[in-house]
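Reading the structure
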Amino acid sequence: MPQKPMMSKLCRQVSIESPGPLIKDSVFTFDVPVPEVPSVGARIRVVCAGACYRASRGRSMSVCSTSSISSLNSLSELAEMGTATHAVPTHAGMRDGALFPGYEVAGIVDTLGDEIDEHSNCGISVGQRIVLFPYEGVPHGYADYIVVPELKYLVPIPDSLKLSVAAMLPTGALLAMNAVYSAHECIKNVLQGPDHRTDCKILIVGTGGLALWTLRIAANLFKNLPYGNSVQITVACLKDEGLALAHDSANLNVVQWSEDLYENQLIERTQDSCKGPVDIVLDFGATSRSLRRSLRCLAKGGVVLLPEDVAERLIPRFGPRAEDMGMKLREIPSGTIDQLKELVKLVNSGEIAAPPHSVFPAEEAQDVVQKLCQSEIKGRAILRFYDVD
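Residues numbered from 1 in each chain as written. Predicted model: local features only at pLDDT ≥ 70, side-chain atom pairs only at ≥ 80, totals over all residues. Heavy atoms only, no water.

1. Let's talk about the overall build of the chain
When its secondary structure is counted, the chain shows 10 helices and 17 strands. Split into buried and exposed, the 389 residues of the chain put 57% on the buried side. Of all intrachain contacts in the chain linking residues separated by at least 6 positions in sequence, the fraction that spans at least 24 positions is 73%. (Helix = DSSP H or I, 4+ residues; strand = E, 2+ residues; numbered from the N terminus. Buried < 20%, exposed > 50% of the residue type's maximum accessible area, 1.4 Å probe, protein only. Contact = heavy atoms within 4.5 Å.)

Structure follows, in structure tokens:
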């Protein structure tokens, strides 16, 4: 087993913070000691990590290249989210798949802890290609090396799965999978409930990587269900991204949420596209404004599904109001490591195709952040810290 390095050995650590108005001085590189290996854990050589930046030091929100554009367009709404408005460019996009900055990590096992033997390594060995499950307290992945306290957080990936693709799975794809599973339970209530409805309408708010993951995971799930053809999906978007989504899914409705229109016009446009109120809304990065709009598009008895980071902020405020309207707000459950393992299998087999992505050397992180802010990168941006290909 390889020996632990001397503490004097250094490695690179990158910090990507929210850009200022001029989008500069947001990427900082440090030399830090190579971390020591936990006795029952492992040290990982980071190969790829999803590119995103922290919106503020006090919150875990981030902006990334899968950014769906939301109705978030005012400094007051940014401030409401806990974001330092002086540090946010006026073109800031919606938060999306990269919920945890630098936590979308795929790499290679560099060293195992000295208390691990062949009977306790869970199939993990030195040189193993892995993707890291984003557990509570997971280290920031923008570094040459990171350590995990236990091997149970590592998911092996086959040689046939690119590490750049694997890096997209722990947050965006896992969130999308849980959103689809949560929606599935709601769909059954609509179609098999007392009213015996013959169709179920879903509205996805926001485009980009999360919407693509959601559509592809939903197609994989629904194709084997007897009522899969009874589900109608509409995506609300602000930009021409909807055209790409429509091309990706033949039976998809797309409605444009242009901020040039009044709210009543947007509601009317959405309900026309959906042929009436919807039963389920997946709002991946809701603000108070987008949530109010979603509720107005929702049928009585309908449900709005929200990711954990926005649910904890908005459900206490809007939950009672929704209940009074005969509607519900629900949090999308956190993903599990077993679901991440299932995603690895589905993506590796080709049953679910990963959305487009682009890979950049970690040394170009500053330029990548600037391009993210200017929406100049199509698909997910991945930083490569180590070249193994």
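2. A look at the sheet that holds strand β13 (residues 278-283)
Spatial strand order, β12-β11-β10-β13-β14-β15: 6 strands in an open sheet with parallel pairing. Edge positions in the open sheet fall to β12 (253-256) and β15 (328-331), since each of these has one partner strand only. Averaged over all pairs of adjacent strands, the angle between strand axes in this sheet comes to 20°, irrespective of strand direction. In terms of strand pairing, strand β11 (residues 231-237) meets β12 through 4 bridges, oriented parallel. For V235, the partnering residue across the bridge sits in β12 and is V254. In the packing of helix α3 (residues 169-192) onto the sheet, contacts are made with β10 (200-205), β11, β13, β14 (298-306) and β15, and the angle to β13 comes to roughly 170°. Packed onto the sheet, helix α8 (residues 308-324) meets β14 and β15 and runs at close to 160° relative to β15. (Pairing = 2+ DSSP bridges. Axes fitted to C-alpha atoms, helices over the stretch in contact; angles between N-to-C directions.)

3. A word on the packing of helix α7 (residues 288-297) against α8
Packing of α7 against α8 brings their axes to within 12 Å, and their N-to-C directions diverge by 25°. With respect to each other, α7 and α8 are oriented roughly parallel. Regarding α7 and α8, the two cross each other, and that crossing is right-handed. Here S288, L291, R292 and L295 of α7 lie close against α8, whose contacting residues are L314, R317, F318, R321 and A322. Of the residues that constitute the contact of α7 with α8, the class distribution is 5 nonpolar, 1 polar and 3 charged. (Parallel < 35°, antiparallel > 145°, perpendicular 65-115°, else oblique. Left-handed = near helix turned anticlockwise from the far one by under 90°. Nonpolar A, V, L, I, M, F, W, Y, C, P; charged D, E, K, R; others polar.)

4. Re the environment of P149
Following the sequence through the fold, P149 ends up in the loop between β8 (145-148) and β9 (154-156). With 109 residues separating them in the primary sequence, P149 and V40 have C-alpha atoms 6.5 Å apart. For P149, the contacting residues outside a window of four places in its chain are P38, V40, G41 and Y135.

5. Looking at the packing of aromatic side chains
Remark: the centre distance and the inter-plane angle together describe each pair of aromatic rings, the angle taken between the planes. By the definition in use, this model includes 2 aromatic pairs. On the numbers, 3.9 Å between centres and 20° between planes, the contact of Y135 with Y153 is stacked. Linking Y135 in the loop between β7 (129-132) and β8 with Y153 in the loop between β8 and β9, this pair joins segments that are 18 residues apart in sequence. Of the two residues, Y135 and Y153, neither departs from the other in class, the shared state being buried. (Phe/Tyr/Trp six-rings, centres within 6.5 Å; stacked < 30°, edge-to-face > 60°.)

6. Overview of helix α6 (residues 263-274)
Over its 12 residues, α6 runs 16 Å from end to end, which matches the ideal 16 Å to within 8%, given 1.5 Å per residue. Considered for burial, the residues of α6 that qualify are L266, I267, T270, S273 and C274. Viewed along the axis of α6, the buried residues span an arc of 130°, placing them on a single side of the element. Within α6, the exposed residues directed more than 90 degrees away from the buried face are N264, E268 and D272. The elements touched by buried residues of α6 are β10, β11, β12, β13 and α7. Looking one or two places after α6, you find K275, whose phi comes out positive at around 60°. (Expected span 1.5 Å × (residues − 1). Arc of directions from axis to C-beta.)

7. Description of the packing of α6 against α7
With their axes 10 Å apart at the nearest point, α6 and α7 run at an angle of 50° to one another. One way to sum up the angle between α6 and α7 is to call them oblique. The interaxial crossing formed by α6 with α7 has right-handed handedness. In this structure, α6 uses E263, N264, L266, I267, T270 and Q271 to contact α7, whose residues at the interface are R289, R293, R296 and C297. Looking at the contact of α6 with α7, its residues break down into 3 nonpolar, 3 polar and 4 charged.

8. A short note on the pattern of salt bridges
Using the criterion set out here, one finds 13 salt bridges in the structure. Among the salt bridges present, the one from D367 reaches K371, with a minimum N-O distance of 3.3 Å. Remark: K371 and D367 occur in helix α10 (residues 365-373); sequence separation between them is 4 residues, near one turn of the helix. Using a relative accessible area of 35% as the deciding quantity, one classes D367 as partly exposed. (Salt bridge = Lys/Arg side-chain N within 4 Å of Asp/Glu carboxyl O.)

9. Quick notes on unusual backbone geometry
Unlike most non-glycine residues, K275 shows phi in positive territory, near 60°. In this structure, K275 sits in the loop between α6 and β13. With a relative accessible area of 64%, K275 lands in the exposed category.

10. So, the side chain of D144
Here D144 shows up in the loop between β7 and β8. Classification of D144 as buried rests on a relative accessible area of 10%. There is a polar contact of 2.9 Å between the side chain of D144 and the backbone nitrogen of R12. Ignoring any residue separated from it by four or fewer positions in sequence, one finds D144 in contact with C11, R12, I44, R45, V46 and F385. (Polar contact = N/O pair within 3.5 Å; in protein donor to acceptor, adjacent residues only side chain to side chain.)

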